[in-house]
Amino acid sequence: LAMRFDEATAIAGPATANLFVSSSAPDTELFVQLIDRGPDGSLLYLNRGMLRASHRQIDRSQSQLTADGRIYRPWRPHTERSLVTPGEVVDYLIDVFPVGHVFLPGHELVVKVHAPPLDDNDYSYVQKTLPGVNTLHFGGKFTPYVLLPINPKQV
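(A) Looking closely at the nonpolar core. If you look at the biggest cluster of nonpolar residues, it comprises 22 residues, and the most contacted ones within it are Val 32, Leu 34, Tyr 92, Ile 94 and Leu 109. Looking at this core, the elements that each hand over two or more residues are β2 (9–23), β3 (29–37), β4 (43–52), β7 (90–103) and β8 (108–114). Per-element accounting of this core gives the leading share, six residues, to β7. With near-sequence residues (within four places) excluded, Ile 94 lies in contact with Ala 15, Thr 16, Ala 17, Leu 19, Leu 30, Val 32, Gly 49, Met 50, Leu 51 and Arg 76.

See below:
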């Protein structure tokens, strides 16, 4: 997934990614990275979000909402594990950690969806579920999107 910017555009704050995913396993982990790709192909990592499918429950009354009622900071109770039905397409709302960045003209926001890394500077992954095959669904009623905190007058 990628979105090109024709003018300087500032983002500042939390973001969310809505993804439609099916898995061959009853539980899975999803990682979403936001990346700035320059016209020369250079990549600048901005931030990421992560979600274990069995902990997808959201308490809307505790979540932060936009003026039109969309959740931009989901609050998850983590009180019970809810497995998914293998093969079923599920709508996941993935909280991306807050980010502040200015996209310059010609740059693109790249959204990378992947499995957890084994190890990186901030996170050590301990696999607790059996591996599965995940499929990201596009089109029709399955329209993934990223909700960005765009600040139009800050550039």
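On we go from here.
(B) Region of interest: the pairing of β3. Of all the nine residues making up β3, eight are buried; the element is thus mostly covered by neighbouring parts of the structure. With nine bridges connecting them, β3 and β4 associate as antiparallel partners. Across the sheet, Ile 35 pairs through a bridge with Tyr 45, a residue of β4. Between β3 and the antiparallel strand that follows it, β4, lie five residues; Gly 41 among them carries a positive phi value of about 90 degrees. Pairing analysis gives seven bridges linking β3 to β8, with the strands arranged antiparallel. Pairing of Gln 33 across the sheet is with Lys 112, part of β8.

How each quantity is defined
Residues numbered from 1 in each chain as written. Predicted model: local features only at pLDDT ≥ 70, side-chain atom pairs only at ≥ 80, totals over all residues. Heavy atoms only, no water. Core = buried A, V, L, I, M, F, W, Y, C linked by side-chain atoms within 4.5 Å. Buried < 20%, exposed > 50% of the residue type's maximum accessible area, 1.4 Å probe, protein only. Helix = DSSP H or I, 4+ residues; strand = E, 2+ residues; numbered from the N terminus. Contact = heavy atoms within 4.5 Å. Pairing = 2+ DSSP bridges.

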